[in-house]
Amino acid sequence: MQDDSHLSYLKAYSILNTINHACYEINREGIFIFINKKAEELFEMSKDAILGRNVWDVFPNSVTTPTFTAINNALQKKEASQYEYISELLKGWVFASVIPTENGAIVTFTKVETLRQSKEHLQKILDTMPQLVWTTLPNGDVDFFNEQVFNYTRLSYDQLKAWGWGAIAHPDDLAANMPIIMHGIQTGTALHYAIRFKRHDGVYRWHLNKAQPLRDEKGEIYMWVGSSTDIDDEKKSRDLLQSVFDASSNTISFMKNIRNAEGTIIDLEINMVNEKAKVITGADSLGKRYSEVFNFSSGIKEKFIHTATTGTPLRFETCYQLDGTDNWYDVRAVKLEDGIVITSENITERKIAEAASIHAAEELNTQNRQLTESREMIKRKDEFISIVSHELKTPITSIKGYVGLMMEKYSESEDPFLAKSIFTVNKQLIKLTSLINNLLDVTRIDIKRMEFNMQPFDICATVAEAIAIMQPTIAHQLIVKGPESCTAYGDKERINQVILNLLTNAIKYSPESDKVLINIKSDKENITITVQDFGIGIDQEYLERIFERFYRIEGEVEKNFAGFGIGLYISTEIIIKHNGKIGVESKKGEGSVFYFTIPVLSK
């Protein structure tokens, strides 16, 4: 690719220096880096007097012409422009074209009387552009494509002209953007939208499309000039990063610095947020200032600005009201290239638990604790806390490390290290989320705060979804028997939690087997789901106790299987809340059959 690009670059320079059009190239700072011979003639200046200088220093009067706007749009927005105007410098009508490049812009211009003779040369210039370039009639009919369009689609002009290009647009994107396109054509408003175009090999790739209307001296549109820039890799990287962030149980926000005329950071602009953060910022917060969205005290904003300015990492706890309820957050901020990333963990339940702990300790200090809690429960609780601390320590440490690295590498999206970091973060997040959710569910059960969203749902589809999640990651074959659809009344997510728990246990305790059977039966009153494995089985003496909180069988075989002993306890509480039943039938060495029922309808 580098060789091809280099040859294309040399070819473009060769063409630009021989064509009858005046042409020059500037970099991102507006500095002349190339000027062809025709431009030297029209400007009546040598290249030695121009190269290395800023375009507005050389031609200060040009800041009042359309060229000023066109060059700024090319450098800042990557927008191509074509226009006509009367040039005082060249003493006549001039037709100009400004095309953005990777490192700046190329400006070509000619006096109108030589335009026809230069058409072929202009075509060559446009064909060297990496973007797909096109023009349309005032009504939107496309009447010109550069060579890149034909190379990308392998279609002819007759196949693409007018509105024929719609055949290469993804149907979903075309339907979504057609109102935007028609509104722009009808109102004469510049267009800016993203759409997927089908390449000649059938692959759809995202393109950023921009189109600018050109008007005559009466203000009437006589043509549109547009370009399509391939942004597929950038968009997929951003979407992948967004999906990882959305999977996080923490809120994550990227804030871009807002500076005053002196360059001092005075505020922050919300540039990217995950789903958790939208609960706080609002779904329409992108592009807004921090001070517009949050009602935190001004001191917190100053803390963030201090981090953005000095690079000093920040961590603090703060209380924020959501729907009139106080929510506590553990907030962290780290400096990025031109902003900061803010992560916050909702620690409200931890705060409640801490307060409850303090209150309980005070009560227990005045009462005989041994009368309310057995020695066995104390031992199990201590063991549980020890196990949880050990299990959570590794993923938490890993997440912190990789998130830190990911934030440092964020601006370098082509770095292969980023993909590895994102994968690791996602993997640890899944594990951490499961551990925390189970722990919180136990706490919610204790304080009777487990919430349920009861409504009709297809439990057969829920089983299928659970299997689809697990099957790619396991060696066991999950085999389902039963109807394709059956409607239950309950909390779909909670029932899915029960199904996943039973499937996980069935797989874990049948390491020598290669299948698990799931059976769904329905009658007028209940739906029964059974999960049968062919594993180690359970002794009869333990069958009634395995649904207790923190209970684990202490056999020689069972101790080789990790677990907290809370999955079946949580599942039992969920099924009880659904007015259903849960149980098990098993024999040692012959596998187990776990089952649960929930009513077909319940109010």
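Please read all numbers here as calculations on a predicted model, not as lab measurements.

### Notes on the sheet that holds strand E21 (residues 581-586)
Line of reasoning, step 1. If you walk across this open sheet you meet the five strands as E17-E19-E20-E22-E21, and the pairing is mixed. Each end of this open sheet is capped by a strand with a single partner; those strands are strand E17 (477-481) and E21. Direction aside, the axes of adjacent strands within the sheet are offset by 15 degrees on average.
Line of reasoning, step 2. Of the pairings in the sheet, the one linking E17 to strand E19 (residues 515-522) comprises five bridges and is parallel in character. Bridging across to E19, Leu478 finds its partner in Val516.
Line of reasoning, step 3. Strands E17, E19, strand E20 (526-532) and strand E22 (592-599) of the sheet are contacted by helix H16 (residues 459-470), whose axis makes an angle of about 170 degrees with E19.
Line of reasoning, step 4. Set on the sheet, helix H17 (residues 492-508) makes contact with E17, E19, E20 and E22; between it and E22 the angle comes to about 175 degrees.

### Description of the state of the cysteines
Line of reasoning, step 1. Summed over the entire model, instances satisfying the criterion amount to one disulfide.
Line of reasoning, step 2. What pairs with Cys460 in a disulfide is Cys486, and their sulfur atoms sit 2.3 Å apart. An S-S torsion of about 95 degrees defines the bridge between Cys460 and Cys486 as right-handed. Remark: Cys486 occurs in the loop between E17 and strand E18 (487-490) and Cys460 occurs in helix H16; sequence separation between them is 26 residues. Here Cys460 matches Cys486 in class, with each residue buried.

### Let's talk about the pattern of salt bridges
Line of reasoning, step 1. The full count for this structure, using the stated rule, is 14 salt bridges.
Line of reasoning, step 2. Of the charged contacts, one joins Arg289 and Asp267 as a salt bridge, the two residues approaching to 4.0 Å between their closest N and O atoms. Taken as a pair, Arg289 in the loop between helix H10 (275-281) and helix H11 (290-293) and Asp267 in strand E12 (residues 265-273) lie far apart in primary sequence, 22 residues in all.
Line of reasoning, step 3. Given a relative accessible area of 2%, Asp267 falls into the buried group.
Line of reasoning, step 4. Among the charged side chains, a salt-bridge network with shared partners connects Glu317, Arg350, Lys351 and Glu354.

### Some points on the nonpolar core
Line of reasoning, step 1. Counting residues in hydrophobic clusters, the biggest one holds 42 residues, and the most contacted among them are Ile459, Ile495, Leu503, Ile546 and Phe596.
Line of reasoning, step 2. Sorting the residues of this core by element identifies H16, H17, E19, E20, helix H18 (567-577), E21 and E22 as the ones contributing at least two each.
Line of reasoning, step 3. For this core, the leading source of residues is H17, giving seven residues.
Line of reasoning, step 4. Here Phe596 is in contact with Ile495, Val498, Ile499, Leu502, Ile527, Thr528, Ile529, Ile575, Lys581 and Ile582, once residues within four sequence places are set aside.
Line of reasoning, step 5. Judged by nonpolar contacts, the second largest core, of 24 residues, contains Ala22, Ile50, Tyr85 and Val98.

Rules used throughout
Residues numbered from 1 in each chain as written. Predicted model: local features only at pLDDT ≥ 70, side-chain atom pairs only at ≥ 80, totals over all residues. Heavy atoms only, no water. Pairing = 2+ DSSP bridges. Helix = DSSP H or I, 4+ residues; strand = E, 2+ residues; numbered from the N terminus. Axes fitted to C-alpha atoms, helices over the stretch in contact; angles between N-to-C directions. Contact = heavy atoms within 4.5 Å. Disulfide = S-S within 2.5 Å. Buried < 20%, exposed > 50% of the residue type's maximum accessible area, 1.4 Å probe, protein only. Salt bridge = Lys/Arg side-chain N within 4 Å of Asp/Glu carboxyl O. Core = buried A, V, L, I, M, F, W, Y, C linked by side-chain atoms within 4.5 Å.

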